[in-house]
Structure formats: structure tokens, C-alpha cells
Amino acid sequence: SAELVDLMYDANLKDSAELTNNNSNKKAPNRTDTVVEPSNHLVKQDTIIVPKISPSKTKSSGNEIKLLTLNIFMRPPLVKTNKSDYKDARLQYFIDNYMISYDIVCLQEMFQYGSSRHRKLIIAAKTAGFQYCLSCPSGGLLQGVADGGITILSKYEIVEEDWWQYSRGNHADSLVAKGALFARIKLTKSSQLFLFNTHLQATPGIPDSSGDDVYGQKREKQLNALSVFIEEKIYNPTSYFNQSKDLVMLVGDFNINAINSKTDFTQSLEYDKMMKILNRESKANVSFSDVFFSQLGYHPFTFGVEATKFTDPQTGTSIEIPEETTLTAREVVGSCQSLDYIFTNNLKAIESSQVLPLLTKDLKDCTHLSDHYGLSVAIRK
């Protein structure tokens, strides 16, 4: 609302404030375009105590670990796209129907600001066996912004965490503290997952495929900062990163359309620019591959997807996925963009991948869980 915007602007966030990180009392080197918050601001698993199900009873069976990334579209109160965002109903549907199917869940736009929904999610997650729950620092009027909306839920032990906050964004993103949330997760006795969950600057409407506008320029700065953060967490004596055994994954809503348009599937200049930044030479010596492009040979739509109809190859039945119109802004309905990604340093560790429309069949007011599709992978242990 206008009142909320005015209040948050009045608080006047300092755009380039710099705090120390959790590993040192010195200022973090080369952390440009960032506000760094101490990790003790993160929501950790023992801040909310509830009866828990043992993770061993809810973890995926066999030799795979299932990971989901989703922009869940749970914005602060009073913020809505059309008539209503039906936030409470959608969150409950996610908890009841989707969350338990995964071992690690990475969410964007799961905002804490002004709402109890985030706390409800954490309680439900812990009850369901996600003993390790991380979230970015909470925002507020004193900080001038809402929080960054980033959350990681895990049934596997998180042994290290950190948060990198980008400098103030443009347009509506000037009111949220976007950044990257890091979790080092113990998968087996001998292997770790270095997981980064992020949400980059949004573009009102359809992104410029070149990335040369003011929003694309902000995303480029964020990607450069993210690259430094990744290097810092991997090239670190205390992280014990093993190139041959450990897995690195970068997930989230990057707001970079991989294709030029829904009729031109060639890769956009901004996507190419992103891959160059992520794969430039660094001390971390990690090279990222796009999981879905590598496995499918094309970039799947994850936002503004048109209605589709296909035949299930296993059952032979016809399946129809409607166009999402309740949550999606009218100007981008049917725009067919590829904005969400899962990147990894080791494609051989990915058993399978899925693009998930996440339909809400039992809800009368909306057809989809979010305005974005989810992405999931099965990780080979």
C-alpha cells in the first residue's frame, strides 16, 4: 500500500552500510554492492520448539535427496496483484500437499515482514522433520525495508550458514533486502552440499533480453557480488571443500529470462552474461552448469506460462495445465519466461529433474500455488 511504502522510505536505509560477517571481526574483503549481516540474525532450528518427526521417517528413500526451489509469492500483508493473493490458503496447501515430499526446500518471497505466515511455515516444517530451518535476517521499519524473503528448510544437518545482502534495489525492490542465503549441509559422512539460495532484482513487466536497462545493470552488480560470496564460502580453510566429493548448488529466482521471447528460443544476452560471471576464473575453481538446460536441451518456462495440454507417457491420460491468471500481473500473463534456475558444479550428481506447475486442485480461488513454477532435482548420494 502507499502508506507502507511511505513508512519504509521514511526509515531511509543506508544503501552501502557494511557490517562484519560471522567468520571474522574484520570487514569482509571485496564485498562491493553488499550489506553483510552477522549470521546470528538467521532463524535457526532451535528458536522455535515444537514436537518433531524424526527426519529418518520422512527423508526420501533410497540413494537420492530431493530438493525443491520455488518463488512461493508470499509477499507482506496489503501487497497484492489482483483481487487477492490468497496467501493463507496457498501456504496451507503447500504445507499439506507439497513440502513433505522433499528433503531440502529453498524458497524465495517467503517474507517475514508484518505477518505470522513465516513462523507458521517454520513450525510446520519442524513438525514434518525439517530440523534445520534458515532464513535471512528479518527487516522492519527501522531498517527501511522488509526482509529478503529467503528461506532454506532441510532434513539434513546444516553445519554452517551465512547471509549476503545486496545493496538497495530499484523500483519495488528498494523496499526489500534481497540477497543470498548460504547453507553448508552434511549429506553423508563424506560429502557436503554447498547451497546458495538467492533472488535478484525484478523488472516491472518483461525483462529486456539484453540486460542493459537499469534493472539488468542492478542484476549484473548482484551477480558480481554473488560470485564473490560463493568464492568466499568455498575457498575457505574452515569449509573443508572437497572438489571430488562435495556438491555446489546455486538456486533461486534470478529474474533473468534465458530466452529472447516466447517465440524466439535463442539464449538472451543477459543469460549469457550471467553464465560468464558465474563461471569466471576464481580461487574457488568451481564451474556451474544449468541443470535444466543441460538435461532438457532447452530452457523451460517458469513464469507467465500459457495453458498447456499433454499426454502422460506412463498412463496415457490427457493432462491439462491451465494458465495462471489470479496471481500473475495482467501485463505478463502468457509471456512465457524462464526466470528460475538450478545451477551445479556436478551434473553427474543429478539423478533427475522436474519442472513443477504446482497446481492447487482443491482451492476454488486459484489454480496454482504461485505465479512461478517450481523446480526440483533428485541428488544422488
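**Some remarks on the packing of aromatic side chains**
In total, this model carries twelve aromatic pairs according to the counting rule given. Here the aromatic rings of F182 and F229 are separated by 6.5 Å at their centres, their planes lie at 80°, and the arrangement is edge-to-face. One end of the pair, F182, is in strand β7 (residues 179-186); the other, F229, is in helix α5 (residues 214-234), and 47 residues separate them in sequence. Neither residue differs from the other here; F182 and F229 are each classed as buried. When the ring of Y271 is compared with that of Y341, the centres are 5.9 Å apart and the planes differ by 40°; the resulting orientation is tilted. In this pair, Y271 sits in helix α6 (residues 269-278) while Y341 sits in strand β15 (residues 340-344), placing the two residues 70 residues apart along the sequence. One aromatic cluster is present, built from ring pairs that chain together W164, F182, F194, F196, F229 and F241. The ring centre of Y156 lies 3.9 Å from the NZ or CZ of K59, which sits over that ring. Taking the ring centre of F130 as reference, the NZ or CZ of K155 above it sits at 4.8 Å.

**Looking at the sheet that holds strand β3 (residues 104-110)**
Spatially, β4-β5-β3-β2-β17-β16 is the arrangement adopted by the six strands of the open sheet, whose pairing is mixed. Only two strands of the sheet have a single partner each, and these edge strands are β4 (132-135) and β16 (350-356). The sheet shows a mean angle of 15° between the axes of neighbouring strands, taken without regard to direction. Sheet topology note: the β3/strand β5 (residues 151-154) ladder contains four bridges and is antiparallel. Paired with V105 across the two strands is L153, which belongs to β5. The sheet strands contacting helix α3 (residues 87-97) are β2 (64-74) and β3, and the helix crosses β2 at an angle near 175°.

**A word on the environment of A180**
Among the structural elements, A180 can be located in strand β7. Residues A180 and N197, 17 residues apart in the sequence, show an inter-C-alpha distance of 5.5 Å. Every residue in contact with A180, bar those within four places of it in the chain, is listed here: D162, W163, W164, Y166, N197, T198, L226 and F229.

**Re the confidence of the model for the chain**
With 83% of its residues at a pLDDT of 70 or more, the chain shows a mean pLDDT of 85. In this model, residues 1-47 is a region of pLDDT below 50 whose contacts with residues beyond four sequence positions or in other chains number 106 contacts.

**Some details on α6**
Every α-helix carries 3.6 residues per turn, so stepping three or four residues along brings you back to the same face. Within the sequence span of α6, burial applies to E270, Y271, M274, M275, I277 and L278. One side of α6 holds all its buried residues, which, seen down the axis, span an arc of 160°. Turned more than 90 degrees off the buried face of α6, the exposed positions are L269 and K276. Elements that come into contact with the buried residues of α6 comprise α5, β9 (247-253), β11 (264-267), β12 (289-290) and β15.

**Remarks on unusual backbone geometry**
One non-glycine residue with positive phi stands out, namely Y86, at about 50°. Note that Y86 resides in the loop between β2 and α3. With relative accessibility at 22%, the residue Y86 sits in the partly exposed group. Notably, H171 is not glycine yet its phi reads approximately 55°, a positive angle. Looking at where H171 falls in the secondary structure, it is placed in the loop between β6 (158-166) and β7.

**Some thoughts on the side chain of N236**
Looking at the element boundaries, N236 is found in the loop between α5 and β9. For N236, a relative accessible area of 15% puts it in the buried group. One polar contact links N236 to T238, side chain to side chain, over a distance of 2.8 Å.

**A word on the pairing of β15**
For a regular strand, side-chain orientation follows a simple rule: the groups alternate between the two sheet faces. β15 sits mainly inside the fold: five of its five residues count as buried. Here β9 pairs with β15 via five bridges, running antiparallel. Of the residues in β15, the one forming a bridge with L250 is F343. Where β12 and β15 come together, two bridges link them in antiparallel fashion.

Cut-offs used in this document
All residue numbers refer to positions counted from 1 along the written sequence of the respective chain. With pLDDT at 70 or above as the cut-off, local features in this predicted model cover only qualifying residues; side-chain atom pairs require 80 or more to be listed or tallied, and sums for whole chains, interfaces and linings still use all residues. Heavy atoms throughout the structure, all of them, feed into the side-chain values; hydrogens and water do not. Pairing of aromatic rings covers Phe, Tyr and the six-membered ring of Trp, with a centre-to-centre limit of 6.5 Å; geometry is then stacked below 30 degrees between planes, edge-to-face above 60, and tilted otherwise. Each helix corresponds to a stretch of at least 4 residues labelled H or I by DSSP, and each strand to a stretch of at least 2 residues labelled E; elements are numbered beginning at the N terminus. Partly exposed describes any residue whose relative accessible area lies between the buried limit of under 20% and the exposed limit of over 50%, with all areas from a 1.4 Å probe on protein chains only and scaled to the type maximum. Should the NZ of a Lys or the CZ of an Arg lie within 6 Å of a ring centre and within 35 degrees of the ring normal, that charge is described as sitting over the ring. Between any two strands, pairing holds if DSSP finds at least two bridges. A fitted line through C-alpha atoms represents every axis, and for helices the fit uses only the stretch in contact; the resulting angles, taken between N-to-C directions, go from 0 to 180 degrees. Contacts: residue pairs with any heavy atoms within 4.5 Å of one another. The quantity known as pLDDT measures the predictor's confidence residue by residue, on a range of 0 to 100. It is the directions from the helix axis to the C-beta atoms that the arc portrays. Any pair of nitrogen or oxygen atoms within 3.5 Å is treated as a polar contact; in protein, a donor-acceptor pairing is required on top of that, and neighbouring residues in sequence qualify only through side-chain atoms on both sides.

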